[in-house]
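Okay, here's what each chain looks like letter by letter:
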Amino acid sequence: MGSTGDEPIVMAGPVPFVDVVVDNAGGAVANKADPGGVLPQEDEYESIVSSLPSNPKLQLLCYQGKWLLESWVPGIIAIQRPGGGFAPRHGDVVLASLPKCGTTWLKALAFATMARRAHPPPPAAGDDDERRQRHHPLLRLNPHDCVPSMEKLFAAGLGSKMDALPSPRLMATHVHHSLLPASITDNPHCKIIYICRDPKDMIVSLWHFVRRRLPEIPFLELFESACEGRCLSSPIWDHILGYWNASKTSPETTVLFLRYEELLHDPADGVRKLARFVGQPFSPEEEEAGVVEDIVRLCSFEQMKNLEVNKAAGLSPVLQQNAYTNGSFFRKGGTGDWANHMTPEMAERLDAIVEEKLRGSGLSFRS
Ligand code: A3P
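About the thresholds
- Residues numbered from 1 in each chain as written.
- Predicted model: local features only at pLDDT ≥ 70, side-chain atom pairs only at ≥ 80, totals over all residues.
- Heavy atoms only, no water.
- Helix = DSSP H or I, 4+ residues; strand = E, 2+ residues; numbered from the N terminus.
- Contact = heavy atoms within 4.5 Å.
- Areas by Shrake-Rupley, 256 points an atom, 1.4 Å probe, with all protein chains shown as cover.
- Buried < 20%, exposed > 50% of the residue type's maximum accessible area, 1.4 Å probe, protein only.
- Pairing = 2+ DSSP bridges.
- Axes fitted to C-alpha atoms, helices over the stretch in contact; angles between N-to-C directions.
- Parallel < 35°, antiparallel > 145°, perpendicular 65-115°, else oblique.
- Left-handed = near helix turned anticlockwise from the far one by under 90°.
- Nonpolar A, V, L, I, M, F, W, Y, C, P; charged D, E, K, R; others polar.
- Phe/Tyr/Trp six-rings, centres within 6.5 Å; stacked < 30°, edge-to-face > 60°.
- Lys NZ or Arg CZ within 6 Å of the ring centre and 35° of its normal.
- Salt bridge = Lys/Arg side-chain N within 4 Å of Asp/Glu carboxyl O.
- Near = heavy atom within 4 Å.
- Polar contact = N/O pair within 3.5 Å; in protein donor to acceptor, adjacent residues only side chain to side chain.
- Expected span 1.5 Å × (residues − 1).
- Arc of directions from axis to C-beta.

An unreviewed UniProt entry lists the protein under the name Sulfotransferase, from Oryza meridionalis.

Dropping the structure here:
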């Protein structure tokens, strides 16, 4: 692209979500519920959820056979509602993942890649282009403030805020493929990028995250609930298989399936795949200028974790989740931490369950 940083800002998506929805005066998310009553009414919602199995300690409900955070469920119902919830647009890109599988990283990489014309990634240190060093949105915002999480947004009655975003829009979900509306899954103009991770590392990461709210929760409790298919976003194998099968049906067009471990091993390759998939491949000039490497560096764990905005005390106006600060999303950022929390027998048990569930799919987490 060979940008000097002096070009006029291009008003096309994606733009940082928080810049569109935050009330400048108060610094909080403009909290007006959607006109048109997209959210289920209280009595309707009660009649839907009152008979569902629940796990009050983990704040989960088993909705349509999947264990979901209960606070997401009204949002999922709203998104699923034909004609009333989510209005897809040509060029929408949905980032999908199980919690703790690299969502924050994928949000950063996808945003930096898709917004690179308006916001060129800063070059390596030592480059004298100070303007670009300072002004990238990912240097002042947490990735969750750049890319909205759909079920949280709709659950807060803020789904219509998505309409204010210029195309192409970038959004994220933790919902299973089978729970998404056909307007997303059967839409050739709406692309999905999925990231999965070794379930053992996911469970360890989830435990550390949940402990911020429930400091006393034993690791074994979360591990057991994962093995039984009853922890957050479980069954986790259903989640992974739903997107895996969809990616096999149309790998070039509708679902790009990424793995956290592969992204760690070769992030530049993942960024190039992502760019091709969203129809914005890197030009020879961009390759020559090192734009891919600039994006990888901008979104790297060390870089993001150490930004002022992501230091432990920072609290996103979009997230607003008490126990979960911006810093909660950056812990170790590697592979294999499961070995510090599971005995070999526990690891073998979870591996065997996952292997059995994935049998015949062509997907495996055994190394
Ligand atoms: P660990 O807890 O194993 O360190 P999510 O974003 O889906 O909540 O996932 C969080 C996990 O991704 C955490 O894993 C976190 O440290 C890791 N992570 C966050 N940002 C990352 C980055 N830029 N690169 C690699 N891993 C990252």
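Enquirer: Which parts of the structure should I look at to understand the overall build of the protein?
Expert: Across its full length, the protein carries 18 helices and seven strands. At a minimum sequence separation of 6, the contacts of the protein that also span at least 24 residues come to 74%. Of the roughly 16,000 Å² of accessible surface on the protein, 53% is carried by carbon and sulfur atoms.

Enquirer: Looking at this structure, how should I read the pairing of strand β7 (residues 255–259)?
Expert: For a regular strand, side-chain orientation follows a simple rule: the groups alternate between the two sheet faces. With five of its five residues buried, β7 lies for the most part within the structure. Alternating positions in β7 separate into two faces, Val255, Phe257 and Arg259 on one and Leu256 and Leu258 on the other, with burial throughout. Bridging between strand β6 (residues 191–196) and β7 involves five bridges; their strand directions are parallel. Bridge pairing in β7 links Cys196 to Arg259.

Enquirer: Can you help me understand the packing of helix α4 (residues 103–114) against helix α14 (residues 267–277) in this one?
Expert: How two helices pack is summed up by the angle between their axes together with the distance between the axes. Running from amino to carboxyl end, α4 crosses α14 at an angle of 60 degrees, the nearest separation of the two axes being 10 Å. In terms of orientation, α4 lies oblique with respect to α14. Helix-helix and strand crossings are classified by hand; for α4 and α14 the assignment is right-handed. The segment α4 lies against α14, with Trp105, Leu106, Leu109, Ala110 and Thr113 engaging Pro267, Val271, Leu274 and Ala275. Classifying every residue of the contact of α4 with α14 by side-chain character gives eight nonpolar, one polar and no charged.

Enquirer: Explain the packing of aromatic side chains here, please?
Expert: Geometrically, a pair of aromatic rings is defined through the distance of the ring centres and the angle of the planes. For the structure shown, the criterion picks out nine aromatic pairs. Note on Tyr194 and Tyr243: the rings are 4.4 Å apart at their centroids and 10 degrees apart in plane angle, and the pair reads as stacked. Highlighted residues: Tyr194 in strand β6 and Tyr243 in helix α12 (residues 236–249), separated in sequence by 49 residues. Residue classification places Tyr194 among the buried positions, given a relative accessible area of 0%. Joined through ring pairs, the aromatic side chains of Tyr194, Tyr243, Trp244 and Phe257 make up one cluster. Across from the ring centre of Phe209, 3.5 Å away, lies the NZ or CZ of Lys100, which sits over that ring. One residue, Arg116, lies across the ring of Phe282, its end atom 4.1 Å from the ring centre.

Enquirer: Sorry, what's going on with helix α16 (residues 291–298) here?
Expert: Within an α-helix, residues lying three or four positions from one another point in the same direction, as the helix has 3.6 residues per turn. Most of α16 sits out of view: six of its eight residues are buried. All buried positions along α16 are accounted for by Val291, Val292, Asp294, Ile295, Val296 and Leu298.

Enquirer: Would you mind showing me how to read the environment of Ser178 here?
Expert: Tracing the backbone shows Ser178 in the loop between β5 (170–173) and α9 (182–185). By relative accessible area, which is 55% here, Ser178 ends up exposed. Sequence separation of Ser178 and Gly242 is 64 residues, and the distance between their C-alpha atoms is 6.7 Å.

Enquirer: Sorry if this is basic, but what is going on with the pattern of salt bridges here?
Expert: A side chain of one charge can pair with a side chain of the opposite charge when the charged atoms of the two come close. Taken as a whole, this structure holds 20 salt bridges when the rule is applied. Between Lys273 and Asp269 there is a salt bridge, and its shortest N-O distance comes to 3.3 Å. Of this pair, Lys273 and Asp269 both sit in helix α14, four residues apart, which is roughly one turn of the helix. Overall, the relative accessible area of 31% leaves Asp269 in the partly exposed class.

Enquirer: I'm lost on the site of the ligand in this one. Help?
Expert: The immediate surroundings of the ligand are formed by 17 residues, with Thr103, Thr104, Ser205, Arg331 and Lys332 found nearest. One of the side-chain nitrogen or oxygen atoms of Lys100 is found 2.7 Å away from an oxygen atom of the ligand. Within the complex, the protein chains bury 97% of what would otherwise be the 570 Å² of accessible surface of the ligand. Of all the elements, α4 adds the most residues to the shell around the ligand, at three residues. Classifying every residue of the shell around the ligand by side-chain character gives seven nonpolar, six polar and four charged.

Enquirer: Would you mind going over helix α18 (residues 344–358) with me for this structure?
Expert: For α18, spanning 15 residues, the distance from its first C-alpha to its last is 21 Å, which sits close to the expected 21 Å at 1.5 Å a residue. Buried within α18 are the following residues: Met346, Ala347, Leu350, Asp351, Val354 and Leu358. Down the axis of α18, the sector holding all buried residues measures 125 degrees, keeping them to one side. Those residues of α18 that are exposed and aimed more than 90 degrees away from the buried face are Pro344 and Glu345. Buried residues belonging to α18 abut α10 (199–210), α11 (219–227) and α12. Positive phi shows up at Gly360, right after α18, with a value of about 85 degrees.

Enquirer: What am I meant to see in unusual backbone geometry here?
Expert: The bulk of non-glycine residues show a negative phi, and the bulk of peptide bonds are trans. Residue Pro14 follows Gly13 across a cis peptide bond; omega there is -10 degrees. Position of Pro14 among the secondary structure elements: in the segment before α1 (17–21). The step from Ser167 to Pro168 runs through a cis peptide bond, and the omega angle for that step is -5 degrees. With respect to the helices, strands and loops of the structure, Pro168 is situated in the loop between α8 (150–155) and β5. The backbone of Gln59 sits at a positive phi, close to 60 degrees, despite the residue not being glycine.

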